[in-house]
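Here is what each chain is made of, one letter per residue.
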Amino acid sequence: MRQLSSFEEYFYQRRNLNLHSCFYLAITLNESPSRELLSHVITKVISRYPQLYSNVFLQDEKPIVRPIESFIYFTDVVEYIQEEQLTEELINQIFRTVKFKYHDDVPIWKILALNGGRCLVLCLDHVFFDGLSGVKFLENMMEELNTIECFSNYQDIVYKCEGKELVPKHPYSNWPIPWKWKMIRLLAPLFVKLDSYIGPWVANFTHDSSMLNFNRYEFPKGIFRDVVKRDEIRNDNCQLTFSIPAENLEQLLVKCKKHNVSLTSILISVFIASLKEVDPSMIHGSQVTVDVPVNTRNLIKSTMNIDAKELEMGNFIMAGKVTYDITEDTDLLHTSKKIQDQIVKQKDDVDSIHTSKLLDVVNVEDYIASMANKKFPGSTFEMTNLGFQKFS
């Protein structure tokens, strides 16, 4: 067993405080696998990654990581539901109700099987997983499904407490700290305490009035169920879905490469173009700020000399951020290039990792609670793009 890193504890405490539930990655199959086949496949995938058979426990009131010490049953990790597709109502229901239990011998992930199992929604907790971990899980699953034509023996037990491998220590824990950041780490606790005391009082004066806001959206009323306690997210969002056929997506990626932009910057630009069409009387401010999680696997490999296999499953991201003023008169491609320039500059910027490591020297739970008491949201929206995945 080992203690949680401060980076992992951030996501653990955020979930404990009901400020996040889970995230999901969905895949639609050509046909529904039988329960017998799916149970066999999941048994094989679980055995490969300790994150899939581990949880967070308390020891001397401190969160630690260790393998689960009881059987995992198929019904623990696969739930068949009546819905046939991911509707707005179902998506919000997932965010409201799929909350994994810590401190217990149960996994912190599960699959929701829609339409008899043809649509599989993989729900994951951020403590051990990021989006690319979900991709790796589904890749492993599809590899097994494509290898085995049929399997007639249903496996009620998919994990038999045989996992002895621990979830590896998070690479950020051993990240080399330069002198500049050692000095900042000495001052960080003071700044956090100062912000928690005076932050709410000075928020009106320090908030960037140019940030785009919708006049009818009230913060924090729009996000928290109880604006006084601020201890639970509403999760009643408007969910919009658009589908791009695989062949069209491949053509789009070719065009992105030709113009030296990414799909991420294109998608952000599409959202910005939509915001430009909003009636000016419905908004105030024009500055759009977008959070962009950045995959750090390549940075970890080059800095820490860690094998790529060890980075297949885990939460290896850092916070990226891009800004754009919607009053700028540019077309979609030029907007994308401006966004792409900002993304590229942050791709290998280790300062974001050092910033996250400041959690080492503060009380993580208190820090997250203070963030929930901010008077304004920190960004307009977040863009997560897992790239083009064939899952075959």
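Just so we're clear, the structure is a prediction, and the values are computed from it rather than from any experiment. (Residues numbered from 1 in each chain as written. Predicted model: local features only at pLDDT ≥ 70, side-chain atom pairs only at ≥ 80, totals over all residues. Heavy atoms only, no water.)

1. Some points on helix 10 (residues 332-347)
The terminal C-alpha atoms of helix 10 lie 22 Å apart, and with 16 residues this matches the ideal 22 Å at 1.5 Å per residue to within 8%. Among all positions in helix 10, only Thr335, Ser336, Ile339, Gln340, Ile343 and Gln346 are buried. All buried residues of helix 10 project into a common sector of 135° when viewed along the axis, lining one side. Buried-residue contacts for helix 10 involve helix 8 (263-276) and strand 13 (317-325). One side-chain oxygen of the residue at the start of helix 10 lies 3.3 Å from the amide nitrogen of Leu333, identifying that residue as Asp331. (Helix = DSSP H or I, 4+ residues; strand = E, 2+ residues; numbered from the N terminus. Expected span 1.5 Å × (residues − 1). Buried < 20%, exposed > 50% of the residue type's maximum accessible area, 1.4 Å probe, protein only. Arc of directions from axis to C-beta. Contact = heavy atoms within 4.5 Å. Polar contact = N/O pair within 3.5 Å; in protein donor to acceptor, adjacent residues only side chain to side chain.)

2. Observations regarding the environment of Arg225
Position of Arg225 among the secondary structure elements: in the loop between strand 10 (213-214) and helix 7 (246-258). Taking the C-alpha atoms as reference points, Arg225 and Asn235, 10 residues apart in sequence, are found 8.9 Å from one another. With residues up to four places along the chain from it excluded, the contact list for Arg225 reads Arg96, Glu232, Ile233 and Arg234.

3. What about the sheet that holds strand 13?
The pairing of strands in a sheet happens through backbone hydrogen bonds and is either parallel or antiparallel. Spatial strand order, 13-12-14: three strands in an open sheet with mixed pairing. This sheet does not close on itself; its edge strands, each paired only once, are strand 13 and strand 14 (381-382). Pairing geometry for strand 12 (residues 287-295) and strand 14, over two bridges, is parallel. Bridged to Asp291 within strand 14 is Glu382. (Pairing = 2+ DSSP bridges.)

4. Here we look at unusual backbone geometry
With an omega of 15°, the peptide bond between Phe219 and Pro220 qualifies as cis. Within the element layout of this structure, Pro220 appears in the loop between strand 10 and helix 7. With a phi angle near 60°, Asn260 is a residue other than glycine that sits in the positive phi range. Within the secondary structure layout, Asn260 lies in the loop between helix 7 and helix 8. Asn260 sits in the exposed class, given a relative accessible area of 63%.

5. Side note on the confidence of the model for the chain
Here the chain shows a mean pLDDT of 90. Residues at 70 or above account for 95%. Taken element by element, the chain is modelled with least confidence in helix 6 (residues 179-206), mean pLDDT 69, and with most confidence in strand 7 (residues 109-114), mean pLDDT 98. For residues 198-206, every residue scores under 50 in pLDDT, and the model assigns this stretch seven contacts once sequence neighbours within four places are set aside. (pLDDT = per-residue confidence, 0-100.)

6. Section: the sheet that holds strand 1 (residues 2-3)
One open sheet holds the three strands; their spatial order is 1-4-3, and the pairing between them is antiparallel. The open sheet has two edge strands with one neighbour each: strand 1 and strand 3 (54-59). As paired strands, strand 3 and strand 4 (residues 62-67) are joined by six bridges and run antiparallel to one another. Note that in strand 4 the partner of Leu58 across the bridge is Pro63.

7. Thoughts on a nonpolar patch on the surface
There is a patch of nonpolar side chains on the surface, built from Met183, Leu186, Leu187 and Phe191 and spanning about 450 Å² of accessible area. Among the structural elements, Leu187 can be located in helix 6. Under the relative-accessibility criterion, Leu187 is labelled partly exposed at 45%. (Patch = residues over 30% accessible without salt bridge, like charges linked within 9 Å, V, L, I, M, F, W, Y side chains within 5 Å. Areas by Shrake-Rupley, 256 points an atom, 1.4 Å probe, with all protein chains shown as cover. Salt bridge = Lys/Arg side-chain N within 4 Å of Asp/Glu carboxyl O.)

8. Focus: the packing of helix 2 (residues 35-46) against helix 5 (residues 131-147)
Interaxial distance between helix 2 and helix 5 falls to 9 Å at its minimum, and their mutual angle equals 130°. Here helix 2 is positioned oblique relative to helix 5, judged by the angle of their axes. With respect to the hand of their crossing, helix 2 and helix 5 are arranged in right-handed fashion. Packed against helix 2, whose contacting residues are Leu37, Leu38, Val41, Lys44 and Val45, the element helix 5 presents Phe137, Asn140, Met141, Glu144 and Leu145 at the interface. (Axes fitted to C-alpha atoms, helices over the stretch in contact; angles between N-to-C directions. Parallel < 35°, antiparallel > 145°, perpendicular 65-115°, else oblique. Left-handed = near helix turned anticlockwise from the far one by under 90°.)

9. Examining the pairing of strand 2 (residues 23-28)
Where burial is concerned, the two faces of strand 2 differ: the one with Phe23, Leu25 and Ile27 is buried and the one with Tyr24, Ala26 and Thr28 is not. Where strand 2 lies against strand 8 (residues 119-124), six bridges are found, and the strand directions are antiparallel. Paired with Tyr24 across the two strands is Cys123, which belongs to strand 8.

10. Considering the nonpolar core
Within the largest apolar cluster, 70 residues are counted, with the highest numbers of intra-cluster contacts made by Ile42, Trp109, Ile111, Val127, Phe129, Phe137 and Met141. Residues contacting Ile42, with those up to four places away along its chain left out, are Phe74, Val77, Val78, Trp109, Ile111 and Val158. Ranked by size, the runner-up nonpolar core spans 19 residues in total, among them Leu249, Ile272, Val322 and Ile326. (Core = buried A, V, L, I, M, F, W, Y, C linked by side-chain atoms within 4.5 Å.)

11. With respect to the side chain of Thr289
Mapped onto the elements of the fold, Thr289 is located in strand 12. Ignoring anything within four residues of it in the chain, the contact list for Thr289 reads Met211, Lys321, Val322, Thr323, Gly378, Ser379, Thr380 and Phe381.

12. Observations concerning the packing of aromatic side chains
Following the criterion strictly, the structure yields 12 aromatic pairs and no others. Ring centres 5.1 Å apart and planes at 85° place the aromatic pair Tyr10 and Phe11 in the edge-to-face group. When the centroid spacing of 5.3 Å and the interplanar angle of 35° are considered together, the rings of Phe271 and Phe381 count as tilted. Here Phe271, found in helix 8, pairs with Phe381, found in strand 14; they are 110 residues apart in sequence, far enough to count as distant. One aromatic cluster is present, built from ring pairs that chain together Phe7, Tyr10, Phe11, Tyr172 and Trp175. A cation over a ring is seen here: Arg35 above Tyr80, with NZ or CZ 4.0 Å from the ring centre. Looking at Arg66, its charged tip hangs above the ring of Phe57, at a distance of 3.6 Å from the centre. (Phe/Tyr/Trp six-rings, centres within 6.5 Å; stacked < 30°, edge-to-face > 60°. Lys NZ or Arg CZ within 6 Å of the ring centre and 35° of its normal.)

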